[in-house]
Amino acid sequence: MIYDKIIEEAEELGDQMVQCRRDLHKYAETGWFEVRTASRVARYLTELGYEVLMGREVCQDEARMGVPGQEELDRQYARALQQGADPEFAPRLKDGFTGVMGILRCGEGPVVALRFDMDALGVIEDTQESHRPAREGFGSVNPGFMHACGHDGHTTIGLGVARVLMDIKDSLHGTVKLIFQPAEEGVRGAKSIVEHGHLDDVDFFLGSHVTGTQEADGAYDLIPGAGGSLATTKLDAIFHGQAAHAGGSPEKGHNVMLSIATAILNLYAIPRHSQGETRINVGTVQAGSGRNVIADEGRMEIEVRGSSTEVNAFVESYARRILESAAAMHGTTCEIKVMGGAYSLESDRELMERIQTVCRDHLHLKVNPDLRMKAGGSEDISYMMKRVQDHGGQASFMRIMAKTAGPGHSRQFDFDEHMMVNGVKAFCGVVYDIMK
């Protein structure tokens, strides 16, 4: 039975996956900087025999969001090379083009895409002995970068899936696309892959995320799908004014501090929406150069969210009007840049039921009887899911359950590495069921 082969091979890969995950954790790279990670993914897929796309073949330039400046891209590229990036593949990943895809063609049949995100967060990792990565020597060596959301595990699952699917390819009919996505954090990376057209022919789409469980006995291994996440837009607002002496000639200045203060107060006063919940947050403000200088430059980082794409669009439109009006009120100008975004996502019931049946009956995983978990926050896998669903395909965002230490995005985050074996089983089992 192929299902038995999947179970056996996934379990045999357990120790190798732990080593891989810890290597990725140690050399954490944030969005658009994942040169070391992506080059190693490309090397592994190539050696397995996949058709491999990378860099500009995967990510459409204009559709990338929140790409850092060239100086920082160059600095991180040099560090990636020093830390073991594959020299054959790294040049194709330069300048923030860090996406990788592996394609397995098995004749006529459905097209199935699987997504695995690769990026870390801008978090300073805990160095105390109580934190296992620090205690066992695989804590991040890159200051201010940490895998605090499990993406090191997601990438490792993807590589395990690549290995098992290649071993059972003679039993598959159709095409598999393994998408290793950069810059999920800040919801910046998926759109560039979607706009390149890689999801346009996909019939079935699967993604997953490690999810913490407080159950002492690990009551469930998997939830088949998720939905109800918030749509979001991330905006930077850059204000430009005119500097002047605050004591000698204040009337000659155009003060961005006044524009920013006006904007903040009014952003938090955006009306609620009858069709769903909304969010607004001003995350950072930087402005001014001295106590006796009228501030002429300022920057705000804000985000809006809505329970649906339409509700989010309402909040975003209102926020843009506020920013522009606050600038005009005080004689300044405002430049607005989109730094990230995501749709609201919803998994397809038919595919969730299929995942439940395969994982429970054939892979002997403990599957939550509730098909769908409420997805908190926002996720840019929604771009991929929406494109597939808009073209008549099915998509689901699975939750791989694991005991975790610390909340996600915290300095203490860690997870039970056995969940990676379950992830490989789930992905491979469902792909086989679709393509057998």
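Report follows, based on the coordinates. Only a predicted model underlies this, so the values are computations on that prediction, with no experimental measurement involved.

Some words on the overall build of the chain
Consideration 1: The number of helices and strands found in the chain is twelve helices and 15 strands.
Consideration 2: In terms of C-alpha radius of gyration, the chain reaches 23 Å, essentially the compact-globule figure of 22 Å for 436 residues.
Consideration 3: Based on the C-alpha atoms only, the size of the chain along its principal axes is roughly 85 × 50 × 45 Å.
Consideration 4: Per-residue burial over the chain gives 58% buried out of 436 residues.
Consideration 5: Looking at the chain alone, contacts between residues at least 24 apart form 84% of all its contacts between residues at least 6 apart.
Consideration 6: By element, 47% of the accessible surface of the chain is carried by carbon and sulfur atoms, the whole surface being about 17,600 Å².
Consideration 7: Considering the chain, the positive charge centre built from 45 side chains and the negative charge centre built from 63 side chains are found 3 Å apart.

Focus: the side chain of His198
Consideration 1: Summarising the element assignment, His198 is placed in the loop between helix 7 (190-194) and strand 5 (204-212).
Consideration 2: Take His198: its relative accessible area is 10%, and that puts it in the buried class.

Let's talk about helix 3 (residues 35-48)
Consideration 1: Between its first and last C-alpha, helix 3 extends 20 Å over 14 residues, near the 20 Å set by a 1.5 Å rise per residue.
Consideration 2: Regarding helix 3, the residues found buried are Val35, Arg36, Thr37, Ala38, Ser39, Val41, Ala42, Tyr44 and Leu45.
Consideration 3: In the stretch just after helix 3, Gly49 is the one whose phi turns positive, near 105°.

Side note on the sheet that holds strand 13 (residues 394-402)
Consideration 1: The strand order across the open sheet built from seven strands is 1-2-4-3-5-13-6, with neighbouring strands paired in mixed fashion. On the outer flanks of this sheet lie strand 1 (51-54) and strand 6 (222-223), each paired with one strand and no other.
Consideration 2: Where strand 1 and strand 2 (residues 100-106) come together, four bridges link them in antiparallel fashion. Opposite Met54, over in strand 2, you have Val100 as the bridge partner.
Consideration 3: The strands touched by helix 10 (residues 349-362) are strand 5, strand 6 and strand 13; relative to strand 13, the strand with the most contacts, the crossing angle is about 45°.
Consideration 4: Packing of helix 11 (residues 381-390) onto the sheet brings it into contact with strand 3 (111-117), strand 4 (174-181), strand 5 and strand 13, and relative to strand 13 it is tilted by some 145°.

Considering the pattern of salt bridges
Consideration 1: A full pass over the atoms with the stated rule returns 37 salt bridges.
Consideration 2: As a salt-bridge pair, Lys177 and Asp201 come within 2.8 Å of each other at their nearest N and O atoms. Of the two residues, Lys177 sits in strand 4 while Asp201 sits in the loop between helix 7 and strand 5, which places them 24 residues apart along the sequence.
Consideration 3: Residue Asp201 is classed as partly exposed on the basis of its relative accessible area of 41%.
Consideration 4: For Arg387, the salt bridge identified is with Glu195, shortest N-O distance 3.3 Å. In this pair, Arg387 sits in helix 11 while Glu195 sits in the loop between helix 7 and strand 5, placing the two residues 192 residues apart along the sequence.
Consideration 5: What emerges from the salt-bridge pattern is a single network uniting Arg21, Arg22, Arg132, Glu136, Asp152, Asp414 and Glu417.

Section: the nonpolar core
Consideration 1: Among the nonpolar cores identified, the biggest contains 69 residues, and Val100, Leu114, Val161, Leu165 and Leu178 are the most heavily contacted of them.
Consideration 2: A total of twelve residues in this core trace back to one element, the largest contributor, which is helix 12 (residues 419-435).
Consideration 3: If sequence neighbours within four positions are ignored, Leu165 has contacts with Tyr50, Leu104, Leu114, Leu172, Val176, Leu178, Cys428 and Val431.
Consideration 4: Ranked by size, the runner-up nonpolar core spans 28 residues in total, among them Leu53, Val58, Phe205 and Tyr383.

Definitions and limits used
Residues numbered from 1 in each chain as written. Predicted model: local features only at pLDDT ≥ 70, side-chain atom pairs only at ≥ 80, totals over all residues. Heavy atoms only, no water. Helix = DSSP H or I, 4+ residues; strand = E, 2+ residues; numbered from the N terminus. Rg over C-alpha atoms; globule rule 2.2 N^0.38 Å. Buried < 20%, exposed > 50% of the residue type's maximum accessible area, 1.4 Å probe, protein only. Contact = heavy atoms within 4.5 Å. Areas by Shrake-Rupley, 256 points an atom, 1.4 Å probe, with all protein chains shown as cover. Lys, Arg positive; Asp, Glu negative; His and termini not counted. Charge placed at Lys NZ, Arg CZ, Asp CG, Glu CD. Expected span 1.5 Å × (residues − 1). Pairing = 2+ DSSP bridges. Axes fitted to C-alpha atoms, helices over the stretch in contact; angles between N-to-C directions. Salt bridge = Lys/Arg side-chain N within 4 Å of Asp/Glu carboxyl O. Core = buried A, V, L, I, M, F, W, Y, C linked by side-chain atoms within 4.5 Å.

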